[in-house]
Amino acid sequence: RKLFEPEKYSGALILPIFDIHFGKENRAQTTCAFGFEPNSMHTHYLQEVESYLHSKNSRCTFFTNTAAALFAGNSVMHHHSIDFDGLGGSLLIDKLESEQRTRAKLKKAYISTEEVKTIDLGQFIKEHIQSRKIPDMYDTMRSPPSVVMKMDVEGYEYELLPSLILSGALCGIDFIVIEWHDQHLENSKFASKYLEIRRAVEVIIKNEKRMKCKTVI
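Along each chain, residues carry numbers from 1 onward, in the same order as the chain's sequence is written. Totals for whole chains, interfaces and linings use all residues, but because this is a predicted model, local features are given only for residues with pLDDT of at least 70 and pairs of side-chain atoms are given and counted only at 80 or more. The basis for the side-chain values is all heavy atoms of the structure; hydrogens and waters are excluded.

Enquirer: Account for the sheet that holds strand 5 (residues 111–120), with residues named and values stated.
Expert: What the 3 strands build is an open sheet, ordered 3-5-4; its pairing is mixed. One side of each edge strand has no neighbouring strand; the edge strands of this open sheet are strand 3 (66–69) and strand 4 (73–80). Neighbour-to-neighbour, the strand axes of this sheet turn through a mean angle of 50 degrees, independent of strand direction. The criterion for strand pairing is that DSSP finds at least two bridges linking the strands in question. Numbering of helices and strands runs from the N terminus; a helix is a DSSP stretch of H or I covering at least four residues, while a strand is a stretch of E covering at least two. Across 8 bridges, the pairing between strand 4 and strand 5 is antiparallel. For Asn74, the partnering residue across the bridge sits in strand 5 and is Lys117. Lying on the sheet, helix 4 (residues 93–102) is in contact with strand 4 and strand 5; it crosses strand 4 at an angle near 5 degrees. Fitted lines through C-alpha atoms serve as axes, helices being fitted only where they are in contact, and the angles separating the N-to-C directions of these axes extend from 0 to 180 degrees. By definition in these notes, contact holds between two residues if any of their heavy atoms fall within 4.5 Å.

Put into structure tokens, the structure is as follows:
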């Protein structure tokens, strides 16, 4: 909603990024958005938001009960049995186990699961972003329209981002906003591995010569 109704979110940190990449006017006519949300707790709300934005002629699609992943098919979403400060579920069970060891309120909780659909995010980007047909209205522009991605996948970024880099899919993205979950994995036996992955990803993305593309983090 911040993309299509910025006036309702004055001061939001993402707004200047949207302004740079999509301009400030007529976004409903010139911009489209889509997202993936595996957590069934958010399905009803997202359907309401999508319906509302469609009524305003904004182009958006939410793929509910669907996770951005390394493969297309099905996977398991893990949840805490006790809701704690809005902690999200994750495909990465290590995140939940680490949170339970770290947070006293979660030590008596158990981890529940639900089956969700998955899409191969790298393949999706290649097929629907990198290979998309640019409308004729952009023929006179000096550069093609921008693609901005916000990634908040509850710890799964440590699996997903290296794959996007190695496959070249990340080159289809001009600007990426990542929510890292280091603090949720600080008590994991793989904590040092996750930190090294983050450092490596940030270095690679910022090094255009190695990436051979212009993704900005």
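Now that the structure has been shown, we can carry on.
Enquirer: Requested: an account of the pattern of salt bridges, with residues and values cited.
Expert: One speaks of a salt bridge when a side-chain nitrogen belonging to Lys or Arg is within 4 Å of a carboxyl oxygen belonging to Asp or Glu. Evaluation of the coordinates by the stated rule reveals 8 salt bridges. Salt-bridge contacts for Glu5 lead to Arg1; the nearest nitrogen and oxygen are separated by 3.5 Å. Only protein chains enter the accessibility calculation, which uses a 1.4 Å probe; a residue whose area is less than 20% of its type maximum is buried, one above 50% is exposed, and one in between is partly exposed. Residue Glu5 is classed as buried on the basis of its relative accessible area, which comes to 7%. Among the ionic pairs, Arg198 bridges to Glu202, the shortest N-O distance being 3.1 Å.

Enquirer: Which residues make up helix 6 (residues 157–167), and what are the values?
Expert: Along helix 6, the residues classified as buried are Glu157, Tyr158, Leu160, Leu161, Leu164 and Ile165. Around the axis of helix 6, the buried residues are gathered within 165 degrees of arc, so they sit on the same side. Just past helix 6, the residue Gly168 takes up positive phi, approximately 85 degrees. What the arc covers is the set of directions going from the helix axis to the C-beta atoms.

Enquirer: Report on the side chain of Gln100, specifying residues and quantitative values.
Expert: Summarising the element assignment, Gln100 is placed in helix 4. In this structure Gln100 comes out as buried when scored by relative accessible area, which is 16%. Not counting residues within four places of it along the chain, the set of residues in contact with Gln100 comprises His80, Leu106, Lys107, Ala109, Tyr110 and Ile111.

Enquirer: Report on the environment of Lys150, specifying residues and quantitative values.
Expert: Note that Lys150 resides in strand 6 (residues 148–151). Judged by its relative accessible area of 59%, Lys150 is exposed. A sequence separation of 136 residues divides Lys150 from Ile14, and the C-alpha atoms of the two residues are 9.7 Å apart.

Enquirer: Please provide a residue-by-residue account of the packing of aromatic side chains, values included.
Expert: Working definition: a ring pair exists when centres of Phe, Tyr or Trp rings (six-membered ring for Trp) sit within 6.5 Å. Plane angles under 30 degrees give stacked, over 60 give edge-to-face, the rest tilted. Enumeration according to the criterion identifies 8 aromatic pairs in this entry. With a centroid separation of 5.4 Å and 50 degrees between ring planes, the pair formed by Tyr158 and Trp180 is classed as tilted. Highlighted residues: Tyr158 in helix 6 and Trp180 in the loop between strand 7 (175–178) and helix 7 (191–206), separated in sequence by 22 residues. Taken individually, Tyr158 and Trp180 each receive the classification buried, so the pair is uniform in this respect. A connected cluster of aromatic rings, assembled from ring pairs, spans Phe34, Phe36, Phe63 and Phe124. Above the ring of Tyr9, the side-chain terminus of Lys2 is found at 4.9 Å from the ring centroid. Either the NZ atom of lysine or the CZ atom of arginine qualifies as a charge over a ring when it sits within 6 Å of the ring centre and within 35 degrees of the ring normal. The ring of Phe190 is capped by Lys193, whose NZ or CZ atom sits 5.1 Å from the centre of that ring.

Enquirer: Please give an account of the nonpolar core that cites residues and values.
Expert: Counting residues in hydrophobic clusters, the biggest one holds 34 residues, and the most contacted among them are Leu121, Met149, Met151, Leu164, Leu170 and Ile176. Every element with two or more residues in this core is listed here: strand 3, strand 5, helix 5 (121–130), strand 6, helix 6, strand 7 and helix 7. Per-element tally for this core: the top contributor is helix 6, with 5 residues. What we call a nonpolar core is a set of buried Ala, Val, Leu, Ile, Met, Phe, Trp, Tyr and Cys residues that are connected through their side-chain atoms within 4.5 Å. With 12 residues, the next largest nonpolar core counts Leu3, Leu15, Phe22 and Leu53 among its residues.

Enquirer: Tell me about the side chain of His184, residues and numbers included.
Expert: Mapping His184 onto the fold places it in the loop between strand 7 and helix 7. Of the polar contacts made by the side chain of His184, one reaches the side chain of Glu99; its length is 2.7 Å. Here the side chain of His184 touches Gln183 through a polar contact of 3.3 Å, side chain to side chain. Whenever a nitrogen or oxygen atom comes within 3.5 Å of another N or O atom, the pair is scored as a polar contact, on the condition that within protein one atom can donate a hydrogen and the other can accept it, and that pairs from neighbouring residues in sequence are kept only if both atoms are in side chains.

Coordinates in, geometry out; function isn't part of it.
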